[in-house]
Amino acid sequence: MINYLLRRIGLVAASIGALTALVFLATNLLPGNPAIAILGKDAKPEKVLIIQEALGLNEPILTRYVNWIGNALQLDFGRSVTQGLDGFSNVGTLGTPVSELIISPLKNSAILASVSLALLIILTLLIGTYTALRAGSKVDKSIQVVGLLFIALPEFVLGAILIVIFCFVIPILPAVSFTVTPINLVLPVTTLLLSMIGVTMRLVRVGVIEVLKTNFVITARLRGIPERRIIRKYLLPSALAPTLQIFAIAAGLFVGGMVVVEYLFGYPGIGSGFVSAVAGRDYPLVQAYAIILGGTYVIANFIVDIIIYFTNPKLRSLRLS
Amino acid sequence: MNFLSKTSISTRVGITMVLFILSVSIFGSFFAPYDPDEFIGEAFAVPYEGFPFGLDSYGRDSLSRFLVGGRYALMISILGYLFGAMMGLFLGLFSVYSRGKIDSTLTWFSEVLIGFPSLVLMLLLVAALGPSFWVLVLALSTVNLPRVFRLVRSAAQVARESSYVEVAESRGEGKLFIMFREIRPSVMPPFLVDAGVRIPASILLVASLSFLGLGIQPPASDWGLIISENRMALTINPLSIALPVLSLAILMIGINLALDGLQEKRKDPIKLGIE
């Protein structure tokens, strides 16, 4: 068991190491000089030299990477090159530290993500199990059709439709969510939920149907154990592992969906922050956001794997490569 | 159209929907009543005579912008898929053929790339290289390549160990001959099913990037971009995004319907690719 854990942790460390290398390379092997990108094309050569010095661009790339990682480990991602600049008088100085800039977006995104995820898990389990128990019925079929609709639609199309319905046809909800209040969360959470649930409930349904076919459920039914008890004691525990696996797979979708949904509603989270950092070519911010988004995904997968390992005794005897 | 007669109704409906949207996106520009870049009147003007969908965020004709806005995204999606898939196919076969260190190195690289959420990886590449047609194609290929590679690699394993490959080797056939003539055929069925899932996913990614303002750049018109540009005024003139929203919806639902119908025919339905 310890072997498995160690190997898994090693893999996570390797993935995160590779991730940082990828982020660093992508933001450093750019055509053109970042200092000129910051200062504009007409920058004085002296200023360019100052900025290059400040950004450490004169060092060899490997040294820069090592320095950057060392600083990032101390949560120092450098300073923004677009935000917190002191107007025109100080063009060429560096802005607010990235670590300060990302705190409140991180908090906001954590709120959005945890509310959406909690609702998503509950609804997926409820609807997935319900449709599996009534597979083939009219209710099941219509839920599957609606689910397919949600899978097919991009998040921003779904969100735009919701905005038109709830802000124009029946104006009861705010169309933008510049601040984090319960009423402002309704539409972003709903959009995220609907764009994910089509996929997750389908997969849970398939998983539960598989369990329903197993001998122990059939035997339990033959023994006359009440249906409710079968669902609670037999069905849900064995459907848990595949369900968790589904959420691990869906985590990548979820991260992408968050970016789009936050941007659509103007929600002040890391997704919209990442997009505006990319648009403004604010590389220190881009690096920090990319690592947070990619790292969250890697770690989410890791946690799910560990939970599955502990909830499914069968896996413990398997040799995992 | 002989093969269509054997397919289910949902497949036929789906294919019709897809063909309809494809023809709108390809031929739409010939029917645009106004210059899509011309400033006509007040921004977000509600529909009036001659402008059935009103004006957009810059006071341009919504209908004309919609009609010319379907081309680039579809071209980028298809090119980005094709490049990525061809490279993935080649490297996958090469990796399985070579075995050993080459195989494990390539696999490791592909796992690292898959470890990145698709949209985040594309945004990162756009941040590095700036949004342009070929950068988007490259970014999309980078997303598709490792996923196709993984699929090809796992599908080709059995063929690599088969006796007919052994025979070909002892016959002294070349590397490429064995890769493409001997191993590739067994990879094709899953490869094609995967294409059916990955092409719509690619369209979705490109549309999302455009929506985020980091895909096709204004003043060029694009469906995702139209929705993005008008999103803050949906409560004033919601009709300005009606056509792109409907088209993207019809296109994606059409593709899914067609695939669903085709999959029902298969004995071993292949799982929905959702990464």
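Quick notes on the rules
- Residues numbered from 1 in each chain as written.
- Chains lettered and ligands numbered in written order.
- Predicted model: local features only at pLDDT ≥ 70, side-chain atom pairs only at ≥ 80, totals over all residues.
- Helix = DSSP H or I, 4+ residues; strand = E, 2+ residues; numbered from the N terminus.
- Buried ≥ 20, exposed ≤ 12 C-beta atoms within 10 Å, placed from the backbone.
- Contact = placed C-beta atoms within 7 Å.
- Expected span 1.5 Å × (residues − 1).
- Bend = angle between axes of the 7 residues up to and from the residue.
- Nonpolar A, V, L, I, M, F, W, Y, C, P; charged D, E, K, R; others polar.
- Axes fitted to C-alpha atoms, helices over the stretch in contact; angles between N-to-C directions.
- Parallel < 35°, antiparallel > 145°, perpendicular 65-115°, else oblique.
- Left-handed = near helix turned anticlockwise from the far one by under 90°.
- Core = buried A, V, L, I, M, F, W, Y, C linked by C-beta atoms within 7 Å.
- pLDDT = per-residue confidence, 0-100.

Peer 1: Lay out the overall build of chain A in plain terms, naming residues and giving numbers.
Peer 2: Per the secondary structure count, chain A includes 14 helices and 0 strands. Split into buried and exposed, the 321 residues of chain A put 35% on the buried side. In chain A, once contacts between residues fewer than 6 apart in sequence are set aside, the share between residues at least 24 apart is 68%.

Peer 1: Got a sec to walk through the overall build of chain B? Specific residues and values, please.
Peer 2: When helices and strands are tallied, chain B shows 11 helices and 0 strands. Walking chain B from its N terminus toward its C terminus, one meets helices and strands in the order α-α-α-α-α-α-α-α-α-α-α.

Peer 1: Provide a residue-level description of helix α9 (residues 182-212) of chain A, including the pertinent values.
Peer 2: With 31 residues, α9(A) extends just 39 Å between its outermost C-alpha atoms, more than 12% less than the 45 Å of an ideal straight helix rising 1.5 Å per residue. A bend of about 40° at A:Ile197 is the largest found in α9(A).

Peer 1: Quick one: what's the story with the interface of chain B and chain A, residue by residue and with numbers?
Peer 2: At the junction of the two partners, chain B supplies 36 residues and chain A supplies 46 residues. Elements supplying a minimum of two residues to the side of chain B that touches chain A: α6 (118-129), α9 (175-211) and α11 (242-265) of chain B. Counting residues per element, the side of chain B that touches chain A draws most heavily on α6(B), at 9 residues. Across the side of chain B that touches chain A, the residue classes break down as 27 nonpolar, 6 polar and 3 charged.

Peer 1: Can you break down the packing of helix α8 (residues 155-169) of chain A against α9(A) residue by residue, with the values?
Peer 2: Residues and elements named next belong to chain A. Across the interface, α8 lies against α9 with an axial gap of 9 Å and an inter-helix angle of 135°. Classed by the angle they form, the pair α8 and α9 counts as oblique. The crossing of α8 and α9 is right-handed. Two secondary-structure elements touch here, α8 through Glu155, Leu158, Gly159, Leu162, Ile163 and Phe166 and α9 through Leu187, Thr190, Thr191, Leu194 and Ser195. Class assignment for the residues of the contact of α8 with α9 results in 6 nonpolar, 4 polar and 1 charged.

Peer 1: Any chance you could break down the nonpolar core for me, citing the residues and the numbers?
Peer 2: Ranked by size, the top nonpolar core spans 146 residues in total, and within it A:Tyr289, B:Met122, B:Leu123, B:Leu124, B:Leu140 and B:Val152 carry the most contacts. No other element matches the 16 residues that helix α11 (residues 227-265) of chain A contributes to this core. Excluding residues within four positions of it along the chain, B:Met122 makes contact with B:Ala139, B:Leu140, B:Val143, B:Leu205 and B:Leu209.

Peer 1: Could you give an account of the confidence of the model for chain A, with specific residues and numbers?
Peer 2: In low-pLDDT regions, the fine details of the predicted coordinates are not to be read closely. Residues and elements named next belong to chain A. Mean pLDDT over chain A: 82, with 88% of residues reaching 70 or higher. Across chain A, element-level confidence peaks in helix α6 (residues 103-133) with a mean pLDDT of 92 and bottoms out in helix α14 (residues 313-317) with 60. In this model residues 88-92 is a low-confidence stretch, pLDDT under 50, and it forms 6 contacts with partners more than four residues away in sequence or in other chains.

Peer 1: Please set out the environment of A:Val48 residue by residue, giving values where relevant.
Peer 2: Residue and element names in this part refer to chain A. Within the secondary structure layout, Val48 lies in helix α3 (residues 45-55). The exposure class of Val48 is partly exposed, given the 17 C-beta atoms found within 10 Å. C-alpha of Val48 to C-alpha of Val164: the two residues are 116 residues apart in sequence and 48 Å apart in space.

Peer 1: Which residues make up the environment of B:Val120, and what are the values?
Peer 2: Turning to its location among the elements, B:Val120 is positioned in helix α6. For B:Val120, a count of 24 C-beta atoms within 10 Å gives the class buried. Excluding residues that lie within four positions of it along the chain, B:Val120 makes contacts with A:Val255, A:Gly256, A:Ala290, A:Leu293 and A:Gly294.

Peer 1: Can you explain the packing of α6(A) against α11(A)? Please cite residues and give values.
Peer 2: Packed helices, taken two at a time, are described by the angle between their axes plus the distance between the axes. Residues and elements named next belong to chain A. Where α6 contacts α11, the two axes come as close as 10 Å, and the packing angle between them is 140°. Taken together, the axes of α6 and α11 lie oblique to each other. With respect to the hand of their crossing, α6 and α11 are arranged in right-handed fashion. In this structure, α6 uses Ser109, Leu112, Ala113, Leu125 and Thr129 to contact α11, whose residues at the interface are Ile231, Thr243 and Met258. Along the lines of polarity and charge, the residues of the contact of α6 with α11 split into 5 nonpolar, 3 polar and no charged.

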